[in-house]
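Coordinates in review
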Amino acid sequence: MTGNQVSITVAEGDGIGPEIMSATLHILKEAGAQLDIHQVEIGEKVYLRGQPTGIDPSTWETIRHTAAFLKAPITTPQGGGFKSLNVTIRTTLGLYANVRPCVAYDPFIETKHPGMNVVIIRENEEDLYTGIEYRQTPDVYQALKIISRPGCEKIIRYAFEYAKIHGRKKVTCFTKDNILKLTDGLFHKIYEEIGTEYPDIEKEHWIIDIGAAKLADQPTSFDVIVMPNLYGDILSDVAAQIAGSIGLAGSANIGMHGAMFEAIHGSAPRRAGQNLANPSGLILAAIQMLVHIGQSDVATRIHNAWLATIEDGIHTYDIFKENISRQKVGTQEFAHAVVARLGAKPHSLKTVQYGILQSISQSKLVMTPQEPIKKELKGVDIWLEWHQSAEALAQAIHQLGLSSIKLDFISNRGVKVWPISLPETSCVDSWRCRFSRQGTSLSQQEIIQLLNQLIIHHLDFFQVHYLYHFNGQPGYTIAQEEQ
Ligand code: NAD
């Protein structure tokens, strides 16, 4: 390793991974990137050796001690028991921001949306991707959606800082807070709070369904979009595809202490070993990496050479179009064409010029200090497995002879079915019973006594949620009829 070199970890991945990585590393070397490369093995072979996470414990140390991780796609073997390695790497290393630029290169690559240039910033550590799921009863399964204030603050501040540094004019937020009032509601609320610190940046919020429809129809009306993990996962693929091809988009996964760069597509096993795959997604990810590690001049040279190659109509099969493209090439030939254009600039596509300050300082991402919060226990939701009617369950609970705590309602899949119900509501075997005492708080002792009563009367509960008020505000959803 020489004085200027930056240590990075490289994994060539599975399927088309080795071919696109070899093409990308060839370009990086020829462009003069100063890198000390540490190769690691992850993915299919590691899974099949019996490592259920797809990564050997020693590999973590290599990744942790290098400045960045350049990763080709990997294959998750079919069948149960294998955890997604991408999710594991992102969450274990705290890579909270997933940045996915989706750009149209018209008229040189066919696109549904000329002029599209959208950056999707996806939260990377929370939401349904914690993968915490339960089987509640014989018929019902549950997944936990976890959203935290620090998680929202980090990603939303990152999105505004990204917009500021990259000269972008607008940050849009997508949530489903008309339904998910507490989780997505928090994301939206923090977006509004942090947005006030960036008066020069335009702000707008869309409910995810209509926002997604608008993005698919008029992507040119968006600039930067920030959203929770699941929505970002889905919509960044849609955005990349409608811009031109899923094979064209790179992504950065940024954390406080490390970063990983990858193409957004998968390992496309059917295309593997044929010198067919488009290496552009990984090349553009590597360009993001060079900016991140402070080699912006090399990033600029490669990006402009790549744009010139695209403009010259030298295209892999996935973007090749008879009347637009000039030459259909394989993975290696595409890389050679980019190398041949190092130092050149595109003629009609916009030239790229990265500055040295285009990597976001993590010190900007400070958390807002929170005042102490007063918590009061107001009630409890107890979930039971039950195979008769709601009325029969209410009667069974009344036979417990509770004196100080009252059964408020019973709901089934979120619909109140006792004390009033409609015959049309279909019920499953998982029931939520809400207990409280009008006006006053409960003690944990009282709840334990209630649970004891349920055990004595063979009422089969499997989950208990305490109902807290935080500074007088309910920290739980209120049933419709109570609002
Ligand atoms: P995929 O993205 O691998 O492939 C879908 C199709 O897109 C391919 O058949 C091919 O036609 C096209 N394609 C994708 N990348 C291309 C490229 N660079 N050049 C040309 N065409 C390209 O998605 P999939 O088939 O759903 O998944 C295959 C495997 O990849 C699975 O094992 C999946 O778990 C894994 N995967 C890995 C990652 C990752 O490592 N980041 C991401 C997604 C999927």
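Up top you'll find the structure we're talking about.
Below you will find a few notes about this structure. (Residues numbered from 1 in each chain as written. Predicted model: local features only at pLDDT ≥ 70, side-chain atom pairs only at ≥ 80, totals over all residues. Heavy atoms only, no water.)

1. Regarding the packing of aromatic side chains
Two measures describe an aromatic ring pair: the distance that separates the ring centres and the angle between the ring planes. Within this structure, the stated rule accounts for eight aromatic pairs. With a centroid separation of 5.0 Å and 10° between ring planes, the pair formed by F160 and Y198 is classed as stacked. Of this pair, F160 sits in helix α5 (residues 149-165) while Y198 sits in the loop between α6 (183-195) and β9 (202-207), and the two are 38 residues apart along the sequence. For the pair F160 and Y198, a shared accessibility class is recorded, and that class is buried. A ring pair is formed by F174 and F222, whose centres lie 5.7 Å apart and whose planes are at 90°; its orientation type is edge-to-face. Here the residue F174 occupies a position in strand β8 (residues 170-175), and F222 occupies one in the loop between α7 (208-217) and β10 (224-227), the gap between them amounting to 48 residues. For the pair formed by F174 and F222, the shared burial category is buried. Following the ring pairs from residue to residue traces out a cluster consisting of Y96, Y158 and Y162. The side chain of K170 reaches across the aromatic face of F222, ending 5.9 Å from its centre. The lysine or arginine in question, K375, covers the ring of Y468, its NZ or CZ lying 4.3 Å from the ring centre. (Phe/Tyr/Trp six-rings, centres within 6.5 Å; stacked < 30°, edge-to-face > 60°. Helix = DSSP H or I, 4+ residues; strand = E, 2+ residues; numbered from the N terminus. Buried < 20%, exposed > 50% of the residue type's maximum accessible area, 1.4 Å probe, protein only. Lys NZ or Arg CZ within 6 Å of the ring centre and 35° of its normal.)

2. Structural notes on the pairing of strand β3 (residues 68-71)
Because side chains alternate across β3, one face comprises the buried residues A68 and L70, and the other comprises F69 and K71, equally buried. Sheet topology note: the β3/strand β12 (residues 259-263) ladder contains three bridges and is parallel. Looking at the pairing, K71 lines up with E262 of β12. (Pairing = 2+ DSSP bridges.)

3. Focus: the packing of α7 against helix α8 (residues 229-243)
Packed helix pairs are characterised by how far apart their axes lie and by the angle those axes make with each other. Following both chains from N to C, one finds α7 and α8 inclined at 15°, their axes separated by 10 Å at the closest point. Comparing the axis directions of α7 and α8 gives the class roughly parallel. Seen from above, α7 lies across α8 with right-handed handedness. Two secondary-structure elements touch here, α7 through I208, A212, L215 and A216 and α8 through Y231, L235, A239 and I242. Along the lines of polarity and charge, the residues of the contact of α7 with α8 split into eight nonpolar, no polar and no charged. (Axes fitted to C-alpha atoms, helices over the stretch in contact; angles between N-to-C directions. Parallel < 35°, antiparallel > 145°, perpendicular 65-115°, else oblique. Left-handed = near helix turned anticlockwise from the far one by under 90°. Contact = heavy atoms within 4.5 Å. Nonpolar A, V, L, I, M, F, W, Y, C, P; charged D, E, K, R; others polar.)

4. Focus on the sheet that holds strand β2 (residues 35-40)
Ordered in space as β2-β1-β3-β12-β11-β4-β5-β10-β8-β9, the ten strands form an open sheet in which the pairing is mixed. If you trace the sheet from one side to the other, it starts and ends with β2 and β9, each paired once. Recorded for the sheet is a direction-independent mean angle of 20° between the axes of neighbouring strands. Examined bridge by bridge, strand β1 (residues 6-11) and β2 share six bridges and lie parallel to one another. Residue S7 lies in a different strand from β2, and its bridge partner there is D36.

All quantities given are derived from atomic positions and should not be read as evidence of function.
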